[in-house]
Amino acid sequence: MDQLGIGIVGCAGRMGRMVTRVVEATDGCRLAGGTECEGSAAIGRDLGELAGIGAKGLTVGDDPAALFAAADAVIDFTTPAALLVHAGLAGETRTIYVVGTTGLTAEHEAALAAAAAKTAVMQAANMSLGVNLLLALVEQVSGALGPDYDIEILEMHHRHKVDAPSGTALALGRAAAAGRGVALETVAQKVRDGVTGPRRAGDIGFATLRGGDVAGEHSVIFAGEGERLELTHKAGTREIFARGAVRAALWCRGKPAGRYAMRDVLGLAG
Ligand code: NAD
């Protein structure tokens, strides 16, 4: 089979450069090119040099339409605003679209759904194997322990992260809520400040820490009377997310149009 040509939007970003390195090191795929936003200093540079792996003869561009037309799959770790443009192009060109960008709202979900009507779209707030296993465990534990155990979700990320709570923390909250048969929106307590009064029964609380170069740490705490259960995942390197994204792109090859999740890619569905 031909190698899968993978394009990388946001190729100068922390994740974009990591994805470039992983694509280059992975069997079954090849670099198809990369884009950055207009005005970026990366435009015109060599994609491989930007990622620290030597020249690859591919110049970073600012035309996502050309990249989607040239690639078999595109991996997106950019911004929610950029995702709206990229999702439209994925649908138009029927290019496999793998999305790791977080901070998505209903508008972005609708754009992904429209693209998924025409091509394979895999979106995950966290592409690591460990976190996807944790999501399944959290739903199970939340259902087993019941409402006497208060659920709190603690996350820490590097100082550059712009959205909070993290997409992964929110996904863990949705898993915990699903275990109790409730919607997260009705029980989420994302900020506490000042005289908040006692904890409301059934709430799922979030706490956000930011600093240094932390790649991503998440704990789900089940606090009961006399005991506490804590489930924790720590990412040591962003490479785990890049590997997950490249694995997802390869998995999507030949799949019908539709919306897929990391649990499908990892065989954890059902
Ligand atoms: P970053 O700021 O280092 O990189 C984002 C890049 O996108 C930048 O280089 C920026 O110039 C570029 N960009 C912005 N608009 C663009 C456009 N219109 N076209 C092309 N490029 C554009 O950020 P990062 O740390 O790499 O994270 C990127 C996103 O990925 C964030 O939303 C983050 O939360 C998410 N993320 C997800 C996972 C996961 O497993 N799903 C893991 C890590 C990060």
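Cut-offs used in this document
Residues numbered from 1 in each chain as written. Predicted model: local features only at pLDDT ≥ 70, side-chain atom pairs only at ≥ 80, totals over all residues. Heavy atoms only, no water. Helix = DSSP H or I, 4+ residues; strand = E, 2+ residues; numbered from the N terminus. Rg over C-alpha atoms; globule rule 2.2 N^0.38 Å. Buried < 20%, exposed > 50% of the residue type's maximum accessible area, 1.4 Å probe, protein only. Contact = heavy atoms within 4.5 Å. Areas by Shrake-Rupley, 256 points an atom, 1.4 Å probe, with all protein chains shown as cover. Lys, Arg positive; Asp, Glu negative; His and termini not counted. Charge placed at Lys NZ, Arg CZ, Asp CG, Glu CD. Salt bridge = Lys/Arg side-chain N within 4 Å of Asp/Glu carboxyl O. Near = heavy atom within 4 Å. Polar contact = N/O pair within 3.5 Å; in protein donor to acceptor, adjacent residues only side chain to side chain. Nonpolar A, V, L, I, M, F, W, Y, C, P; charged D, E, K, R; others polar.

Draft legend 1. How the structure looks around the overall build of the protein chain. Per the secondary structure count, the protein chain includes 10 helices and 11 strands. What you see for the protein chain is a C-alpha radius of gyration of 19 Å, in line with the 18 Å of a compact globule of 270 residues. Once the C-alpha set of the protein chain is aligned to its principal axes, its extents read approximately 60 × 40 × 30 Å. For the protein chain, with 270 residues in total, the buried portion stands at 47%. Pairs at least 24 residues apart make up 68% of the contacts formed inside the protein chain by residues separated by at least 6 positions. A total accessible area of about 12,700 Å² is found for the protein chain, and carbon and sulfur atoms account for 51% of it. In the protein chain, the 26 positive side-chain charges and the 30 negative ones have mean positions that sit 2 Å from each other.

Draft legend 2. Representation of the pattern of salt bridges. Under the criterion given, the structure shown has 10 salt bridges. Here arginine 259 makes a salt bridge to glutamate 109, at a shortest N to O gap of 3.1 Å. On the criterion of sequence distance, the pair formed by arginine 259 in strand 11 (residues 258–260) and glutamate 109 in helix 5 (residues 106–116) is long-range, its members being 150 residues apart. Overall, arginine 259 belongs to the partly exposed group, its relative accessible area being 35%. A relative accessible area of 32% places glutamate 109 in the partly exposed class.

Draft legend 3. Here's a closer look at the site of the ligand. The local shell around the ligand holds 22 residues, among which Arg14, Met15, Glu36, Thr102 and Met127 are the closest. Interatomic distance of 2.7 Å between a side-chain N/O atom of threonine 102 and an oxygen atom of the ligand. Within the backbone of alanine 124, one N or O atom sits 3.0 Å away from a nitrogen atom of the ligand. Counting only elements with at least two residues in the shell around the ligand, the list comes to helix 1 (14–25) and helix 4 (80–93). Split into classes, the residues belonging to the shell around the ligand amount to nine nonpolar, 10 polar and three charged.

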